[in-house]
Amino acid sequence: MKISFKLNGKRVIVDTDPMKRLLDVLREDFNLTGTKEGCGKGECGACSVIVDGKIVNSCLFPVCQAEGCEITTIEGLSDGEKLHPIQKAFIEAGAVQCGFCTPGMVLATKVLLDKKKNPTDEEIKEALSGNLCRCTGYVKIIEAVKKVRRKK
Amino acid sequence: MEKFIKISKLADLKKIKNPVKFLAGGTDIYPLLKDGFLENEFFCDISGIKELKETKIKKDVLEIGALVTFSDVIENPVFKKYANALYESALVMGSPQIRNRATLGGNIANASPSGDSIPPLFVLKAKIKTNLRTVDIDRFFMGPKKTILKKNELITRIIIPKEQKESYFMKVGPRKALAISKVSVAMAFKMQKGVLKDVRVALGAVGPTVLRAKKTEDFLEGKHLSDRIIKKAGEIVSSEAMPIDDFRSLAVYRRKVAGSILEKILEGRLKWVR
Ligand SMILES: Cc1cc2nc3c(=O)[nH]c(=O)nc-3n(C[C@H](O)[C@H](O)[C@H](O)COP(=O)(O)OP(=O)(O)OC[C@H]3O[C@@H](n4cnc5c(N)ncnc54)[C@H](O)[C@@H]3O)c2cc1C
Ligand code: FES
Ligand code: FES
């Protein structure tokens with residue numbers, strides 16, 4: 001089945017199994033390996049991408065439903081070599097250890113900050129509740145989100 | 001040949017010739033695929049049927065499309081207004097990622113005893129409309145993962161009467177544990193001068209399906225809300241819950257939790273009366 005969508009600002013077409021996971025299409029057909037597979041069952045958020053402004057798990061997303069959508073992966077966030085302010089804040093706050101959860105965390109943060117300029121701690125925790133991190137204990141991640149908030 | 005079709009209109013259902021597995025948000029289907037189940041299914045993607053994404057406010061009822069997501073339930077203010085228990089269940093369901101994709105139709109069809117929309121729909125007297133018929137929610141579930149749906153029968157809408165009543169939902173359990181280990185209670189009633197009328201109580205994850213707590217409903221009907229009545233109602237709920245597992249201590253725990261959730265809901269309401 002031919003499926004066309006906008007990926008990180010560019011129009012693309014793939015011809016593939018309609019039930020293939022968006023996660024596999026991103027990694028295998030487009031070589032966008034910033035999107036990670038953790039659990040493959042919707043529980044860890046490592047595979048999070050933004051579809052039409054909403055955060056979703058790409059491991060549960062049939063590629064056929066991407067038809068006509070706008071999709072942003074972590075690769076679509078930086079401007080060439082220039083990091084996105086959220087990425088900078090994560091590095092500065094020491095919110096990245098092994099980095100496996102980071103792409104998903106950063107994208108979930110982007111969706112939050114696009115909607116709310118000044119989220120409370122509670123709102124930050126809620127927005128990131130679908131993203132697990134085994135390394136940092138979350139404190140530094142929340143600090144990072146607040147850092148972006150202060151800079152804006 | 002690919003074992004897949006996509007339909008974009010309800011009328012296209014008639015064109016389907018073989019038995020299919022409907023695909024909505026995929027949040028129940030993909031974890032199963034990952035574990036090697038459903039491999040031989042012929043999938044029918046219904047996510048493009050626009051008319052099933054709408055929620056309409058009619059004169060007497062709320063008509064909710066089966067493709068409405070839990071995020072839609074949080075964002076569209078009509079749910080808080082006419083179906084507060086459903087709204088409260090959406091707030092605590094899954095994660096933001098799951099809520100953005102999970103549909104009400106999928107939650108109902110999946111028929112898990114811990115499906116979070118189900119206890120609210122029981123107490124809100126919902127009707128489930130399919131392409132073939134309209135059924136009271138009380139008659140929709142047959143057992144864990146079993147419903148009255150026939151092969152290729154599609155849930156199209158959920159109909160909720162717009163009565164003036166209050167409804168609540170609460171879910172309690174170990175944090176980060178599997179959804180199924182959390183007990184939930186939904187409750188609806190009318191409050192007239194401190195007296196409860198038209199009481200409905202439903203329990204999630206304490207039996208093979210979501211259960212109505214009929215003895216508790218009968219006990220509370222017509223009662224003046226007080227600390228003593230609340231305590232007694234909590235005890236009755238605990239005796240009505242039929243926990244899924246035979247594992248003794250867990251079963252006792254779940255019953256107790258169901259009782260204390262009901263008490264919490266009513267205590268919250270009592271404070272507001274005073
Ligand atoms: C990490 C995670 C956390 C979760 N947490 C919760 C939770 O807290 N509470 C909760 O209740 N659930 C939870 N779920 C379960 C799931 O998200 C819900 O049951 C969801 O509502 C299913 O909807 P869907 O659109 O994704 O269904 P799908 O996966 O597309 O379909 C589910 C089933 O319903 C059938 N179906 C779908 N739509 C229709 C229709 N209109 N008519 C007839 N049949 C239909 C499908 O054929 C399939 O059998 C969780 C799932 C995951 C992966
Ligand atoms: S890989 Fe998708 S949620 Fe874990
Ligand atoms: S930094 Fe390792 S999982 Fe989050």
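Definitions and cut-offs
Residues numbered from 1 in each chain as written. Chains lettered and ligands numbered in written order. Predicted model: local features only at pLDDT ≥ 70, side-chain atom pairs only at ≥ 80, totals over all residues. Heavy atoms only, no water. Helix = DSSP H or I, 4+ residues; strand = E, 2+ residues; numbered from the N terminus. Buried < 20%, exposed > 50% of the residue type's maximum accessible area, 1.4 Å probe, protein only. Contact = heavy atoms within 4.5 Å. Domains from an automatic or database assignment. Buried area = accessible area lost by both parts, 1.4 Å probe. Salt bridge = Lys/Arg side-chain N within 4 Å of Asp/Glu carboxyl O. Polar contact = N/O pair within 3.5 Å; in protein donor to acceptor, adjacent residues only side chain to side chain. Nonpolar A, V, L, I, M, F, W, Y, C, P; charged D, E, K, R; others polar.

Peer 1: Before we go on, may I ask you to explain the environment of A:Ile141 in this structure?
Peer 2: Topologically, A:Ile141 is positioned in helix 5 (residues 139-151). C-alpha of A:Ile141 to C-alpha of A:Lys125: the two residues are 16 residues apart in sequence and 9.7 Å apart in space.

Peer 1: Got a minute to help me understand helix 1 (residues 22-29) of chain A in this structure?
Peer 2: An α-helical turn contains 3.6 residues, so a residue and the one three or four places further along point in the same direction. Along helix 1 of chain A, the positions that sit buried rather than exposed are A:Leu22, A:Leu23, A:Asp24, A:Val25 and A:Leu26. The secondary structure elements touched by the buried residues of helix 1 of chain A are strand 1 (2-7), strand 2 (10-15), strand 3 (48-51) and strand 5 (70-72) of chain A.

Peer 1: Just to check I follow, could you spell out the domain arrangement of chain B for this structure?
Peer 2: By a widely used convention, the size of an interface equals the accessible area lost when the partners come together. Residue and element names in this part refer to chain B. Entries for chain B in the domain assignment read domain 1 (4-161) and domain 2 (166-273). Taken together, the contact between domain 1 and domain 2 spans 22 residues of the former and 23 residues of the latter. For the pair domain 1 and domain 2, the two sides together bury roughly 1,700 Å², of which 62% comes from carbon and sulfur. When the buried area of domain 1 at its contact with domain 2 is split by residue, Pro-113, Pro-119 and Val-123 rank highest and sum to 32% of it. Our count for the domain 1 to domain 2 interface comes out at four salt bridges. At the surface where domain 1 touches domain 2, the tally comes to nine residue pairs in polar contact (both at pLDDT 80 or more). Of all the elements in the fold, those that place two or more residues in the side of domain 1 that touches domain 2 are helix 4 (84-91), helix 7 (118-123) and strand 8 (141-143). A total of five residues in the side of domain 1 that touches domain 2 trace back to one element, the largest contributor, which is helix 7. Here the side of domain 1 that touches domain 2 is built from residues that sort into 14 nonpolar, four polar and four charged.

Peer 1: Explain the side chain of B:Arg212 to me, please; I cannot follow it from the model alone.
Peer 2: Residue and element names in this part refer to chain B. When you line up the elements, Arg-212 lands in strand 14 (residues 211-212). Engagement of the side chain of Arg-212 in a polar contact is seen with the side chain of Glu-217, the distance being 2.7 Å. Apart from residues no more than four positions distant in its own chain, Arg-212 is found in contact with Phe-122, Asp-138, Arg-200, Val-201, Ala-202, Glu-217 and Glu-240.

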